[in-house]
Amino acid sequence: VFTTIAVISASASSSQSENERRPSTFYYYNFISPFDIWWMMQGPRYDPYGNRILADGRVVPPNQQSMNFLEATFSFVFGDGDPNSKLIAQRWQIIAGVIRENGGVVTAEQIAPYLDVDRLPDDDGTADGGGVNVDEGFVLPALVRFGGVPEVVTDDSGRTRIVYTFPDLAVTAGGVRPRGG
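Residues numbered from 1 in each chain as written. Predicted model: local features only at pLDDT ≥ 70, side-chain atom pairs only at ≥ 80, totals over all residues. Heavy atoms only, no water.

Further remarks concern the nonpolar core. One recurring pattern in soluble globular proteins: nonpolar side chains tend to sit buried together. Grouped together as the largest cluster of nonpolar side chains are 18 residues, with contacts concentrated most on Ile99, Ile111, Phe146 and Phe166. Looking at this core, the elements that each hand over two or more residues are α4 (87–101), α5 (108–111) and α6 (140–146). Among the elements that take part in this core, α4 stands out by supplying 5 residues, more than any other. Once residues within four sequence positions are removed from consideration, Ile99 is found in contact with Gly104, Val105, Val106, Ile111, Phe146, Phe166 and Leu169. (Core = buried A, V, L, I, M, F, W, Y, C linked by side-chain atoms within 4.5 Å. Buried < 20%, exposed > 50% of the residue type's maximum accessible area, 1.4 Å probe, protein only. Helix = DSSP H or I, 4+ residues; strand = E, 2+ residues; numbered from the N terminus. Contact = heavy atoms within 4.5 Å.)

Shown next, in the form of structure tokens:
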């Protein structure tokens, strides 16, 4: 393309008479633009149904497609699939284990690290240290899942606390109590 333009430019300037000849300059920049690289490395095309359209017009369904270089590298480095797929089940198993270790009776502070909590309480039992009670609503999913019951008790120092009793997870002399009985 550039050679053709140069030849046409040279022939056009030679056809002019010597008196009318003006110096013509042809600039040729030999560099690759980042946009050229983007165009050359442009990824595959897809139709609205997720089928890949190849350069020759063939259509490849999604179940027959192979990974591109970046996907294959990412898969090799980080592995395939969702690493958090079993996270929720593991979380509930850990919470049940903590409840069993404490004989079926826990406080909100004991299971708070395993639940979704907005703000953890301070040492004095308040969120801001100013005597405002903390909302322990984050324990509700565990109460519902494991059949827990909240109880108000007074400890040795005379402070009133809320404990959560889980009869189904209480350890008995014969081992773990069966669920529902």
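On to the sheet that holds strand β4 (residues 105–106). In space, the 3 strands of this open sheet follow the order β4-β6-β5, with antiparallel pairing throughout. On the outer flanks of this sheet lie β4 and β5 (149–154), each paired with one strand and no other. Of the strand pairs in this sheet, β4 and strand β6 (residues 160–165) are connected by 2 bridges, and their pairing is antiparallel. The residue of β6 that forms the bridge with Val105 is Thr165. (Pairing = 2+ DSSP bridges.)

Inspection of every chain in the model, using the stated rule, returns 2 salt bridges. A salt bridge links Arg91 to Asp116, with the nearest nitrogen and oxygen atoms 3.3 Å apart. Separated by 25 residues along the polypeptide, Arg91 in helix α4 and Asp116 in the loop between α5 and α6 bring together distant segments of the chain. Among the salt bridges present, the one from Arg161 reaches Glu109, with a minimum N-O distance of 3.3 Å. Of the two residues, Arg161 is situated in strand β6 and Glu109 in helix α5; the sequence distance between them amounts to 52 residues. (Salt bridge = Lys/Arg side-chain N within 4 Å of Asp/Glu carboxyl O.)

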